[in-house]
Amino acid sequence: MTLSCDTRRYLWPGLAVLMLAVLLLAMQTVQAAAQDRPASFADLAESVSPSVVNITTSTTVASRNDPMPTPPQGSPFEDFFRDFFDREDRPRQSQALGSGFVISEDGFIVTNNHVIEGADEILVEFFAGLELPATLIGTDPATDLALLKVEHESPLPYVPWGDSEASRVGDWVIAVGNPLGQGFSVSAGIISARGRALQGNYDDYIQTDAAINRGNSGGPLFNMEGEVIGVNTAILSPTGGSIGIGFAMSSNVAVGVIEQLREFGTTRRGWLGVRIQDLTDDMAEALGLDRAEGAMVTDVMEGPSREAGMQTGDVILRFDGGIVRDTRQLVRRVGDAGVGRDVEVVVFRDNEELTLTVTLGQRELVENGMTPPDEAAPEPEEETAGSYMGMRLEPLTDALREEMGIASGMSGLLVRDVDPESDAAQKDVRPGDVITEAGQTPVNTVAELRERAEEAREAGRRSLLVLLRRGGDPRFVALSVEED
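Residues numbered from 1 in each chain as written. Predicted model: local features only at pLDDT ≥ 70, side-chain atom pairs only at ≥ 80, totals over all residues. Heavy atoms only, no water.

Caption draft 1: Expanded view of the overall build of the chain. Helices and strands together make up the secondary structure of the chain, namely twelve helices and 28 strands. Look at the contacts in the chain between residues 6 or more apart in sequence, and 62% of them connect residues 24 or more apart. In the form shown here, the chain has an accessible surface area of approximately 25400 Å², with 49% of it arising from carbon and sulfur atoms. (Helix = DSSP H or I, 4+ residues; strand = E, 2+ residues; numbered from the N terminus. Contact = heavy atoms within 4.5 Å. Areas by Shrake-Rupley, 256 points an atom, 1.4 Å probe, with all protein chains shown as cover.)

Caption draft 2: Molecular detail of the pairing of strand β4 (residues 121-126). Residues Ile 122, Val 124 and Phe 126 point to one face of β4 and are all buried, whereas Glu 121, Leu 123 and Glu 125, pointing to the other face, are not buried. Of the pairings in the sheet, the one linking β4 to strand β5 (residues 131-133) comprises three bridges and is antiparallel in character. Within β5, the residue paired with Leu 123 across the bridge is Pro 133. Here β4 folds back onto β5 in antiparallel fashion, the turn holding four residues, of which Gly 129 has a positive phi close to 105°. (Buried < 20%, exposed > 50% of the residue type's maximum accessible area, 1.4 Å probe, protein only. Pairing = 2+ DSSP bridges.)

Caption draft 3: Representation of the sheet that holds strand β10 (residues 205-208). Strand order in this closed barrel of six strands is β8-β9-β10-β13-β12-β11, and the pairing throughout is antiparallel. Adjacent strand axes in the sheet meet at a mean angle of 45°, parallel and antiparallel pairs treated alike. Note that strand β8 (residues 172-177) and strand β11 (residues 220-222) share two bridges and pair antiparallel. Paired with Ile 174 across the strands is Phe 222, a residue of β11. Its contacts with the sheet put helix α5 (residues 251-264) on β12 (228-235) and β13 (246-250), and the angle it makes with β13 is roughly 50°. (Axes fitted to C-alpha atoms, helices over the stretch in contact; angles between N-to-C directions.)

Caption draft 4: Layout of the nonpolar core. Ranked by size, the top nonpolar core spans 23 residues in total, and within it Val 48, Phe 101, Ile 103, Val 110, Leu 147, Phe 222 and Ile 258 carry the most contacts. Mapped onto this core, the elements with two or more residues apiece are α2 (42-48), β3 (108-112), β7 (145-149), β8, β12, β13 and α5. Considering each element in turn, this core owes the most residues, five residues, to α5. Those residues in contact with Phe 222 that sit more than four places away from it in its chain are Val 48, Val 52, Val 159, Trp 172, Val 173, Ile 174, Val 176, Glu 227, Val 228 and Ile 229. Counting 22 residues, the second-largest nonpolar core is a separate cluster that includes Leu 393, Val 415, Ala 453 and Leu 479. (Core = buried A, V, L, I, M, F, W, Y, C linked by side-chain atoms within 4.5 Å.)

Caption draft 5: Looking closely at unusual backbone geometry. Although it is not a glycine, Asn 351 adopts a positive phi angle of roughly 65°. With respect to the secondary-structure elements, Asn 351 resides in the loop between β19 (342-349) and β20 (352-359). In this structure Asn 351 comes out as exposed when scored by relative accessible area, which is 53%. If you check the backbone angles, Asp 428 has positive phi at about 70° while not being a glycine. Within the secondary structure layout, Asp 428 lies in the loop between α11 (423-426) and β25 (434-438).

Caption draft 6: Highlighting the pairing of β19. Counting buried positions along β19 gives six out of eight residues, so the element sits mostly inside the fold. The sheet contact formed by β19 and β20 spans eight bridges and is antiparallel. Paired with Val 343 across the two strands is Val 358, which belongs to β20. Counted between consecutive antiparallel strands, the loop separating β19 from β20 contains two residues, among which Asp 350 sits at a positive phi close to 50°.

Quick look at the structure:
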């Protein structure tokens, strides 16, 4: 197509205007991005640094108990050996460094538990050079948090807590602390991820690429308003130095823990008194649930839940008015719910929902091994070992319990062997496991297990829910009923 001179005369000015508009729009986008990016962190660092502290701890290390080698009497090395091992036998002082931050003008200071664990003396150094001895108020190893207290005649500078739930991936943050013992240091980065779990039941870590190194532990992670949204705790690194993957315990967890330490000197977490596991898709199908959501009860201990009527095999769907997605969410919510409260717990049992009222206990009082008392287990009827669902099974007897080291109160079917090609093997069923329930009903014989499997088939289900115990620990497994 050929344009006339008149057409080109009117077209070129229009194209010029269009190109100018595109250029202006691009410039506005660049300017907006520049406005979102801070030109400097200097004002923020200057405002928060007086509230961040270096922490030095001293710990007495016991002397050696090894027998001292004895040189021959009159040896020229006799004095050397005596002087050397006399020094070795004396108690020694080891020191550790970390960080912390002041949360009140009267001198309460937050740090990590691992910074001060086992310390005989704790010394706090402020940005201005002031040094004060600190007293330990309380610790929480579960979240690796600790609370200290210093005394000073004048009000101390402090920083406020922020809302970690309001922060977003990509937000700017700064970490302040004492990396590698070098003194006060500031590093900047963004929030790389939220809701990270490392290894604890109460983990809710913010991941950041702001440089965090040894010595930063216990220091604050600030948002751009100068609020603490995390307590720097750990790094992921093959070398021990920062590679841009650091973790800070979220303020929404830390605030509750620190308030309890401040008031009671220890944490006071709610306790249901159950063991739980996550549901899988095949477990949900075996139970008749639409979705693999909730927490499956694998054991009910003597305590709040048993008194409320909860049973092994119940699926906790809602707790205290909120939906339960998985076990990790339930553990955190129970812990945060308080002690002595009556809460409604909705469970799924026998194809219907039931509402139970549970009075929460205190986890810390029972954390060191509260287990239900052994009950006398009935001896099964005489039956030889049999194979079913890819497993060679044998009813428990007193002789088997003694042979396998199984508690006297346990009844069920001992797994003697597992076909490596079976569904049971794929679900990690192992020799030595004990099947105590099938279809949420106790089983003591192979015949009873067959009956439960046939009932599942007749109900149109592809799996049978089986409760296993390994070393006393319970676990539900959905085994296929289509193999046998």
